[in-house]
Amino acid sequence: MSPKSPSDSWGPATRALHTGQRRSAEGENSIALYLTSSFAFESPEQARARFADEEPGNIYSRFTNPNLSAFEERMAALEGGEDAVSFASGMAAISSTFLALLSAGDHIVLSRSVFGSIANVARDVLPRMGIEVDLVSLSDLEAWRAAIKPNTKMLFMETPANPTLEMGDIAALAQLAHDNGAILAVDNVFATPVMQQPLALGADLTVHSATKYLDGQGRVLGGAVVGRKDLVRGPIYSYLRNCGPTLSPFNAWVLHKGLETLALRMERHNHSALQIAQALDCHALLSGGKVRYPGLPSHAQHELAKRQMQGFGGLLCLELGDRERAYRFLNALTIAQITANLGDSRTLATHPATTTHAKWKEEARQAAGITQGLVRLSIGLEDVADLQADFEQALEAMAG
Ligand SMILES: *Cc1c(COP(=O)(O)O)cnc(C)c1O
């Protein structure tokens, strides 16, 4: 008996539960864990046919494993992509995408406010490969247009951006990329496919750190690239197969199960974050737009957020003035954990300027809006009243 066949008419929650299922001869209902480095062939003829891509099937877990395929099928179904390939981490997925698709002499334009390590790869690694790099303001369409050159092959954006929650217009940048013979790749980590489908808006690829909301419980690292089959199953898969930044079957199994509760979790993350953002926005100590959240009318791109996303996400930022005040607030929190991660079931708090973005030059931080007073909150699944009370008492403690 095989699992139910997926239907195109299914909504995201049903797809996340019923796509990418596998069932062995044992008949298990929850997918089995395939911890094996290689797979045996019935004959040398079969081995030859598998290696020649004449027969589908598993070969070796660096590039084929049922747990990886199951996770990839589920990711493709959620993003509405033709195909997906998994990676050992989000950075493995993103750096592999760059190295698989760009060559010496090519040019890439990225938004300045990308995840810290992506900016480091763009500044330090790509130029050593002879790839030209330009960083522009995410929300400034004219700056993107001005940065395009005849050798531009890729535009890369992250929206909403870490940690500033600035947004970029996916449809407009997809159009700009295609008008100039380039592709658009979107880091969809903050929104997840539940809240934002960049491929439907014209992007060619979405890239993921599965470490965040896709796992959702802070257990494992993982990554994925989803989108056009000619890119994903072509050069990106070939890069994985040969260079080996492979996801472990165990992590793929955890992530595959994590996706089953993604829609439900995101609904709660969204709901709680909006409620907390609205409450803190009215707090006397945070008046004058010191709460940044795409769901607040005071967010500079609130209209774009409403157009491009279904829900505003679980992350919000507070501008607390200076580092001393930010630290006093963080030290007073009784529920939120201080960690550099995000997208966990537990509420997490981060001081980006001295942790995730500590290695950036002060000018680069200023240009990206990462001040010493900025605190990023990843709102978890706790009772929202408990979180709100905790943030309010920490603000009082900060004010002294
Ligand atoms: C965490 C993160 C990454 C990198 O993912 P890892 O799994 O930590 O390698 C990339 N982009 C964004 C937006 C992230 O938050």
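This write-up is about the structure you can find in this document. For every chain, the first residue of the written sequence is number 1, and numbering continues from 1 onward in sequence order. With pLDDT at 70 or above as the cut-off, local features in this predicted model cover only qualifying residues; side-chain atom pairs require 80 or more to be listed or tallied, and sums for whole chains, interfaces and linings still use all residues. Water and hydrogen atoms were dropped before computing side-chain values, which therefore reflect all heavy atoms in the structure.

Turning our attention to the sheet that holds strand β11 (residues 348-350). Any two strands with at least two DSSP-identified bridges between them are counted as paired. Under the scheme used here, helices are H or I runs from DSSP no shorter than 4 residues and strands are E runs no shorter than 2 residues, and both carry numbers assigned from the N terminus. Read across the open sheet, the five strands follow the order β8-β9-β12-β11-β10; overall the sheet is mixed. Of all strands in the sheet, those with a lone pairing partner are β8 (291-292) and β10 (337-338), marking the two edges. In terms of strand pairing, β10 meets β11 through two bridges, oriented parallel. Looking at β11, one finds that Ile338 is bridged to Ala349.

Note on classification: 1.4 Å probe, protein chains only; a residue is buried when its accessible area is under 20% of the maximum for its type, exposed when over 50%, partly exposed between these limits. In terms of residue burial, strand β6 (residues 205-209) counts as a mostly covered element, since five of its five residues are buried. The alternating pattern of β6 places Leu205, Val207 and Ser209 on one face and Thr206 and His208 on the opposite face, and all of these are buried. Relative to β6, strand β5 (residues 183-187) is paired through three bridges, and the arrangement is parallel. Directly across from Asp187, in β6, lies its bridge partner Val207.

Next up on the list: the nonpolar core. Generally speaking, a soluble globular protein has its nonpolar side chains buried in company with each other. Counting residues in each nonpolar core, the largest one holds 99 residues, and the members touching the most others are Phe98, Phe156, Leu316 and Phe329. Apart from the residues within four sequence positions on either side, Phe156 is in contact with Ile94, Phe98, Ile108, Val109, Leu110, Ser111, Val114, Ile118, Trp144, Ala185, Asp187 and Val207. Take the buried Ala, Val, Leu, Ile, Met, Phe, Trp, Tyr and Cys residues and link them wherever side-chain atoms come within 4.5 Å; each set so joined is a nonpolar core. Counting 18 residues, the second-largest nonpolar core is a separate cluster that includes Leu138, Ile148, Met157 and Ala174. The contact definition used throughout considers only heavy atoms, calling two residues in contact when any of these lie within 4.5 Å.

Residue proximity to a molecule or strand is established when one non-hydrogen atom of the residue lies within 4 Å of it. In the region of the ligand, 14 residues are neighbours, and Met91, Asp187, Ser209, Thr211 and Lys212 sit closest. N or O atoms closer than or at 3.5 Å make up a polar contact, with two conditions inside protein: a donor-capable atom paired with an acceptor-capable one, and, for residues adjacent in sequence, both atoms drawn from side chains. Note that an oxygen atom of the ligand is positioned 2.8 Å from one of the side-chain N or O atoms of Ser209. With three residues, helix α4 (residues 90-101) is the single largest residue contributor to the shell around the ligand.

The interhelical angle for the contact between helix α3 (residues 66-79) and helix α10 (residues 249-259), taken along N-to-C directions, is 35 degrees, at an axis separation of 8 Å. Our pair here, α3 against α10, has a crossing hand that is left-handed. Between α3 and α10, the contacting residues are Asn67, Leu68, Ala70, Phe71, Arg74, Met75 and Leu78 on the first element and Pro249, Ala252, Trp253, Leu255, His256 and Leu259 on the second. Polar here means any residue other than Ala, Val, Leu, Ile, Met, Phe, Trp, Tyr, Cys and Pro, which are nonpolar, and Asp, Glu, Lys and Arg, which are charged; Gly is therefore polar. Residues belonging to the contact of α3 with α10 are distributed by class as follows: ten nonpolar, two polar and one charged. All axes are obtained by fitting lines to C-alpha atoms, using only the stretch in contact for helices, and the reported angles, taken between N-to-C directions, cover 0 to 180 degrees. Should the near helix be turned counterclockwise from the far one by less than a right angle, the crossing is left-handed, whereas a clockwise turn marks it as right-handed.

With respect to the helices, strands and loops of the structure, Lys4 is situated in the segment before α1 (12-18). For Lys4, a relative accessible area of 66% gives the class exposed. Between the alpha carbons of Lys4 and Arg145 there is a distance of 47 Å; along the sequence they are 141 residues apart.

To continue, consider the sheet that holds strand β2 (residues 107-111). Whenever strands of a sheet pair, they do so through backbone hydrogen bonds, lying parallel or antiparallel. Spatially, β1-β7-β6-β5-β4-β2-β3 is the arrangement adopted by the seven strands of the open sheet, whose pairing is mixed. Looking at strand neighbours, the two that pair on one side only are β1 (83-87) and β3 (132-136), the edges of this open sheet. Taking each pair of neighbouring strands and ignoring which way they run, the sheet shows an average axis angle of 20 degrees. α4 rests against β1, β2, β4 (152-158), β5, β6 and β7 (223-227) of the sheet, and its axis sits at about 145 degrees to β6.

Next up on the list: the pattern of salt bridges. The term salt bridge refers to a pairing of a side-chain nitrogen on Lys or Arg with a carboxyl oxygen on Asp or Glu at a separation within 4 Å. Across all of its chains, the model carries 18 salt bridges by this definition. The partner of Glu72 in a salt bridge is Arg233, and the shortest N-O contact between them spans 3.4 Å. In this pair, Glu72 sits in helix α3 while Arg233 sits in helix α9 (residues 229-243), placing the two residues 161 residues apart along the sequence. With relative accessibility at 11%, the residue Glu72 sits in the buried group. The closest approach of N and O atoms between Asp204 and Arg228, which form a salt bridge, is 3.1 Å. Highlighted residues: Asp204 in the loop between α8 (192-195) and β6 and Arg228 in the loop between β7 and α9, separated in sequence by 24 residues. By sharing partners, the salt bridges in this structure join Glu72, Asp83, Lys229 and Arg233 into a single network.

Attention shifts here to the packing of aromatic side chains. Only rings of Phe, Tyr and Trp enter the pairing, Trp through its six-membered ring, and a pair is recorded when the two centres are within 6.5 Å. The plane angle decides the type: under 30 degrees is stacked, over 60 is edge-to-face, the rest tilted. Applying the stated criterion across every chain, the model contains six aromatic pairs. Taking the centre distance of 6.4 Å and the plane angle of 65 degrees together, the rings of Phe41 and Phe51 count as edge-to-face. Of this pair, Phe41 sits in the loop between α1 and α2 (44-51) while Phe51 sits in helix α2; the two residues are ten residues apart in sequence, bridging distant segments of the chain. According to the relative accessible area criterion, Phe51 is partly exposed, its value standing at 48%.

What follows covers the state of the cysteines. Cysteine sulfur atoms are paired as a disulfide whenever they come within 2.5 Å of each other. Per the counting criterion, the structure on display carries zero disulfides. No disulfide involves Cys282; its sulfur sits 18 Å from that of Cys317, the nearest cysteine. Assessed through its relative accessible area of 68%, Cys282 is described here as exposed. Judged by relative accessible area, which is 0%, Cys317 ranks as buried.

Attention shifts here to the pairing of β1. One face of the sheet, then the other: side chains in a regular strand alternate in exactly this way. With five of its five residues buried, β1 lies for the most part within the structure. Burial along β1 is two-sided: the residues Asp83, Val85 and Phe87 and Ala84 and Ser86 are all buried. Two strands pair when backbone bridges link them, and β1 and β7 are joined in this way by five bridges, in the antiparallel orientation. Bridged to Ser86 within β7 is Ala224.

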